[in-house]
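Notes for the structure review
Spelled out, the chains give:
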Amino acid sequence: MKKRVAILISGGGSNMEALVRDMDESHPAEPVLVLANNPNAGGLAKAEARGIPTACIDHRLYKGDRPAFEAALHSALEKAAPDIICLAGFMRILTPAFTSRWQGKMLNIHPSILPLFRGLHTHQRALEAGMAVHGCTVHEVTGELDGGPILGQAVIGVRAGDTPDDLAARILPMEHRLYPAVLKRFALGERGKLAHLGG
Ligand code: GAR
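In short, a report on the structure. (Residues numbered from 1 in each chain as written. Predicted model: local features only at pLDDT ≥ 70, side-chain atom pairs only at ≥ 80, totals over all residues. Heavy atoms only, no water.)

Before going further, it helps to examine the environment of Ala68. As for its position among the elements, Ala68 is in helix H3 (residues 66-80). For Ala68, a relative accessible area of 26% corresponds to the partly exposed category. Separated by 57 residues in sequence, Ala68 and Arg125 place their C-alpha atoms 33 Å apart. (Helix = DSSP H or I, 4+ residues; strand = E, 2+ residues; numbered from the N terminus. Buried < 20%, exposed > 50% of the residue type's maximum accessible area, 1.4 Å probe, protein only.)

Okay, here's the thing in C-alpha coordinates:
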(Lines give C-alpha, C1' and ligand atoms only; values in the text may rest on other atoms or scores of the structure.)
Protein backbone atom coordinates (compact mmCIF):
# COMPACT_ATOMS: atom_id res chain seq x y z
CA MET A 1 0.00 0.00 0.00
CA LYS A 2 1.26 3.44 -0.89
CA LYS A 3 2.01 5.86 1.93
CA ARG A 4 -0.42 8.79 2.00
CA VAL A 5 1.29 12.20 1.87
CA ALA A 6 -0.19 15.56 2.87
CA ILE A 7 1.76 18.65 1.84
CA LEU A 8 1.46 21.95 3.69
CA ILE A 9 2.27 25.17 1.84
CA SER A 10 2.04 28.93 2.25
CA GLY A 11 3.12 30.28 -1.13
CA GLY A 12 4.06 29.33 -4.67
CA GLY A 13 4.47 25.68 -3.87
CA SER A 14 7.44 24.86 -6.09
CA ASN A 15 8.67 22.29 -3.56
CA MET A 16 5.17 20.81 -3.39
CA GLU A 17 5.21 20.47 -7.18
CA ALA A 18 8.61 18.80 -7.10
CA LEU A 19 7.32 16.30 -4.53
CA VAL A 20 4.13 15.62 -6.47
CA ARG A 21 5.98 15.24 -9.79
CA ASP A 22 8.20 12.60 -8.25
CA MET A 23 5.29 10.55 -6.88
CA ASP A 24 4.61 8.56 -10.04
CA GLU A 25 2.98 5.14 -10.28
CA SER A 26 6.02 3.26 -9.08
CA HIS A 27 6.60 5.58 -6.10
CA PRO A 28 5.96 4.21 -2.58
CA ALA A 29 3.84 7.28 -1.71
CA GLU A 30 0.99 9.33 -3.16
CA PRO A 31 -0.23 12.89 -2.53
CA VAL A 32 -3.64 12.93 -0.84
CA LEU A 33 -3.91 16.57 0.25
CA VAL A 34 -2.31 19.96 -0.36
CA LEU A 35 -3.24 22.33 2.44
CA ALA A 36 -2.43 26.04 2.70
CA ASN A 37 -2.73 28.51 5.56
CA ASN A 38 -3.37 31.27 3.06
CA PRO A 39 -6.15 31.29 0.44
CA ASN A 40 -3.88 33.19 -1.97
CA ALA A 41 -1.14 30.56 -1.92
CA GLY A 42 -0.30 30.03 -5.59
CA GLY A 43 0.40 26.36 -4.93
CA LEU A 44 -3.30 25.63 -4.32
CA ALA A 45 -4.22 26.18 -7.98
CA LYS A 46 -1.21 24.13 -9.08
CA ALA A 47 -2.36 21.23 -6.89
CA GLU A 48 -5.94 21.52 -8.14
CA ALA A 49 -4.68 21.46 -11.73
CA ARG A 50 -3.02 18.15 -10.90
CA GLY A 51 -6.25 16.78 -9.44
CA ILE A 52 -4.99 16.69 -5.85
CA PRO A 53 -7.54 17.49 -3.11
CA THR A 54 -6.81 20.88 -1.54
CA ALA A 55 -7.84 22.66 1.63
CA CYS A 56 -7.19 26.01 3.21
CA ILE A 57 -7.11 26.83 6.91
CA ASP A 58 -6.71 30.61 6.84
CA HIS A 59 -4.62 31.50 9.88
CA ARG A 60 -5.92 35.09 9.81
CA LEU A 61 -9.36 33.83 10.86
CA TYR A 62 -7.77 32.52 14.06
CA LYS A 63 -5.89 35.68 15.00
CA GLY A 64 -4.62 35.45 18.58
CA ASP A 65 -5.87 31.87 18.96
CA ARG A 66 -3.12 29.55 17.83
CA PRO A 67 -4.65 26.49 19.56
CA ALA A 68 -7.85 26.95 17.51
CA PHE A 69 -5.82 27.31 14.29
CA GLU A 70 -3.87 24.17 15.08
CA ALA A 71 -7.05 22.29 16.03
CA ALA A 72 -8.53 23.14 12.62
CA LEU A 73 -5.30 22.13 10.91
CA HIS A 74 -5.21 18.89 12.84
CA SER A 75 -8.77 18.01 11.98
CA ALA A 76 -8.26 18.74 8.25
CA LEU A 77 -5.19 16.52 8.32
CA GLU A 78 -6.91 13.73 10.23
CA LYS A 79 -9.61 13.61 7.56
CA ALA A 80 -6.92 12.98 4.94
CA ALA A 81 -5.32 10.32 7.16
CA PRO A 82 -1.74 10.95 5.99
CA ASP A 83 1.12 8.61 6.83
CA ILE A 84 3.57 11.44 6.11
CA ILE A 85 3.18 15.23 6.26
CA CYS A 86 5.60 17.39 4.26
CA LEU A 87 5.96 21.03 5.22
CA ALA A 88 6.96 22.69 1.94
CA GLY A 89 7.39 26.41 2.41
CA PHE A 90 4.82 26.37 5.23
CA MET A 91 5.51 29.63 7.03
CA ARG A 92 3.58 29.20 10.29
CA ILE A 93 5.33 28.17 13.46
CA LEU A 94 3.77 24.99 14.84
CA THR A 95 3.66 24.49 18.61
CA PRO A 96 4.97 21.36 20.33
CA ALA A 97 1.34 20.49 21.21
CA PHE A 98 0.69 20.11 17.46
CA THR A 99 3.97 18.64 16.31
CA SER A 100 3.97 15.98 19.04
CA ARG A 101 0.78 14.53 17.53
CA TRP A 102 2.53 13.93 14.20
CA GLN A 103 6.08 13.34 15.39
CA GLY A 104 7.96 10.78 13.32
CA LYS A 105 5.62 11.45 10.40
CA MET A 106 6.34 15.11 9.63
CA LEU A 107 9.16 16.47 7.44
CA ASN A 108 10.25 20.03 6.68
CA ILE A 109 12.58 21.67 4.19
CA HIS A 110 14.56 24.65 5.41
CA PRO A 111 16.79 26.89 3.28
CA SER A 112 20.01 26.60 5.30
CA ILE A 113 22.50 24.02 6.44
CA LEU A 114 20.91 23.29 9.80
CA PRO A 115 21.59 23.72 12.65
CA LEU A 116 22.90 27.00 11.21
CA PHE A 117 20.40 29.77 10.52
CA ARG A 118 17.15 28.50 11.95
CA GLY A 119 14.19 30.81 11.32
CA LEU A 120 13.86 33.47 8.65
CA HIS A 121 16.16 35.39 6.24
CA THR A 122 18.59 32.52 5.99
CA HIS A 123 20.31 33.67 2.79
CA GLN A 124 20.96 37.17 4.12
CA ARG A 125 22.26 35.73 7.39
CA ALA A 126 24.57 33.25 5.64
CA LEU A 127 26.11 36.14 3.68
CA GLU A 128 26.46 38.27 6.80
CA ALA A 129 28.19 35.38 8.56
CA GLY A 130 30.73 35.18 5.72
CA MET A 131 29.85 31.58 4.89
CA ALA A 132 31.76 29.90 2.04
CA VAL A 133 28.98 27.29 1.69
CA HIS A 134 25.22 27.42 2.12
CA GLY A 135 22.33 25.13 1.28
CA CYS A 136 19.16 23.47 2.44
CA THR A 137 18.10 20.73 4.84
CA VAL A 138 15.25 18.25 5.07
CA HIS A 139 14.60 17.19 8.63
CA GLU A 140 12.00 15.54 10.82
CA VAL A 141 9.82 18.05 12.63
CA THR A 142 9.91 18.12 16.42
CA GLY A 143 8.73 20.73 18.89
CA GLU A 144 11.94 22.69 18.37
CA LEU A 145 11.82 25.26 15.53
CA ASP A 146 13.86 23.95 12.58
CA GLY A 147 15.22 21.27 14.91
CA GLY A 148 14.68 17.53 14.64
CA PRO A 149 16.78 14.79 13.08
CA ILE A 150 18.43 15.75 9.80
CA LEU A 151 17.52 13.46 6.89
CA GLY A 152 19.31 15.19 4.02
CA GLN A 153 21.27 18.27 3.06
CA ALA A 154 22.33 19.92 -0.17
CA VAL A 155 25.24 22.32 -0.24
CA ILE A 156 26.36 25.02 -2.67
CA GLY A 157 29.37 27.31 -2.70
CA VAL A 158 28.89 31.02 -1.98
CA ARG A 159 30.42 33.18 -4.73
CA ALA A 160 31.90 36.66 -4.45
CA GLY A 161 29.17 39.27 -4.94
CA ASP A 162 26.30 36.86 -4.27
CA THR A 163 23.09 38.48 -3.06
CA PRO A 164 20.38 36.73 -1.01
CA ASP A 165 18.39 36.37 -4.25
CA ASP A 166 21.36 34.76 -5.99
CA LEU A 167 21.63 32.22 -3.20
CA ALA A 168 17.89 31.54 -3.24
CA ALA A 169 17.99 31.06 -7.02
CA ARG A 170 20.78 28.46 -6.78
CA ILE A 171 19.42 26.68 -3.70
CA LEU A 172 15.78 26.32 -4.77
CA PRO A 173 16.62 23.84 -7.59
CA MET A 174 18.68 21.90 -5.05
CA GLU A 175 15.62 21.83 -2.76
CA HIS A 176 13.59 20.43 -5.64
CA ARG A 177 16.01 17.52 -5.98
CA LEU A 178 16.71 16.93 -2.30
CA TYR A 179 13.18 16.88 -0.91
CA PRO A 180 11.77 14.25 -3.31
CA ALA A 181 14.86 12.09 -2.79
CA VAL A 182 14.46 12.25 0.99
CA LEU A 183 10.70 11.70 0.87
CA LYS A 184 11.09 8.57 -1.25
CA ARG A 185 13.60 7.08 1.17
CA PHE A 186 11.46 8.10 4.15
CA ALA A 187 8.39 6.44 2.61
CA LEU A 188 10.44 3.26 2.26
CA GLY A 189 11.43 3.45 5.93
CA GLU A 190 15.04 4.52 5.32
CA ARG A 191 16.34 7.05 7.83
CA GLY A 192 19.99 7.45 6.76
CA LYS A 193 21.29 10.92 5.88
CA LEU A 194 21.45 12.00 2.25
CA ALA A 195 24.05 14.51 1.02
CA HIS A 196 23.88 16.40 -2.27
CA LEU A 197 26.88 18.55 -3.14
CA GLY A 198 26.20 21.22 -5.75
CA GLY A 199 27.98 24.14 -7.38
C1 GAR B 1 11.61 27.37 0.05
O2 GAR B 1 12.84 27.98 -0.22
C3 GAR B 1 11.65 26.70 1.42
O4 GAR B 1 12.88 26.13 1.73
C5 GAR B 1 11.37 27.86 2.31
O6 GAR B 1 10.38 28.61 1.63
C7 GAR B 1 10.51 28.43 0.23
C8 GAR B 1 9.18 27.97 -0.32
O9 GAR B 1 9.17 27.96 -1.71
N10 GAR B 1 10.92 27.42 3.59
C11 GAR B 1 11.17 28.09 4.72
O12 GAR B 1 11.76 29.13 4.77
C13 GAR B 1 10.60 27.41 5.97
N14 GAR B 1 11.10 28.03 7.14
P15 GAR B 1 8.05 27.14 -2.50
O16 GAR B 1 6.69 27.60 -1.97
O17 GAR B 1 8.24 27.53 -3.92
O18 GAR B 1 8.26 25.67 -2.26
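Now that the structure has been shown, the text picks up again.
What follows covers helix H2 (residues 42-49). Taken together, the buried positions of H2 are occupied by Gly43, Leu44 and Ala47. In a view along the axis of H2, the buried residues occupy a sector of 105°, so they form one face of it. The exposed residues of H2 that point more than 90 degrees off its buried face are Glu48 and Ala49. A positive backbone phi angle near 80° is found at Gly51, which sits one or two residues after H2. (Arc of directions from axis to C-beta.)

Membership of the largest hydrophobic core comes to 34 residues, with the highest contact counts inside it found for Ile7, Cys86 and Leu107. A per-element tally of this core places helix H6 (residues 164-187) first, with nine residues. Sequence-distant contacts of Leu107, that is, excluding residues within four places in its chain, are made with Ile84, Ile85, Cys86, Leu87, Val138, His139, Glu140, Val141, Leu151, Tyr179, Leu183 and Phe186. (Core = buried A, V, L, I, M, F, W, Y, C linked by side-chain atoms within 4.5 Å. Contact = heavy atoms within 4.5 Å.)

Another aspect to go through is the packing of helix H1 (residues 14-22) against H6. H6 packs onto H1 with a crossing angle of 45° between their chain directions and a minimal axis gap of 9 Å. Viewed along their axes, H1 and H6 adopt a mutual orientation that is oblique. Note that H1 runs across H6; the crossing there is right-handed. Facing H1, whose interface residues are Ser14, Asn15, Ala18, Leu19 and Asp22, H6 presents Leu172, Glu175, His176, Tyr179, Pro180, Leu183 and Lys184. Looking at the contact of H1 with H6 residue by residue, the classes come out as six nonpolar, three polar and three charged. (Axes fitted to C-alpha atoms, helices over the stretch in contact; angles between N-to-C directions. Parallel < 35°, antiparallel > 145°, perpendicular 65-115°, else oblique. Left-handed = near helix turned anticlockwise from the far one by under 90°. Nonpolar A, V, L, I, M, F, W, Y, C, P; charged D, E, K, R; others polar.)

Once that is clear, we can look at the pairing of strand S5 (residues 106-110). Successive residues of a regular strand alternate their side chains across the two faces of the sheet. Counting buried positions along S5 gives five out of five residues, so the element sits mostly inside the fold. Here strand S4 (residues 84-87) runs beside S5; their pairing, made up of three bridges, is parallel. In the strand pairing of S5, Leu87 is matched with Asn108. In this fold, S4 hands off to helix H4 (residues 96-102), which returns the chain to S5; that crossover is right-handed. Across four bridges, the pairing between S5 and strand S6 (residues 133-140) is antiparallel. When the bridges of S6 are listed, Leu107 appears paired with Glu140. (Pairing = 2+ DSSP bridges. Right-handed = clockwise from strand over helix to strand, strands pointing away.)

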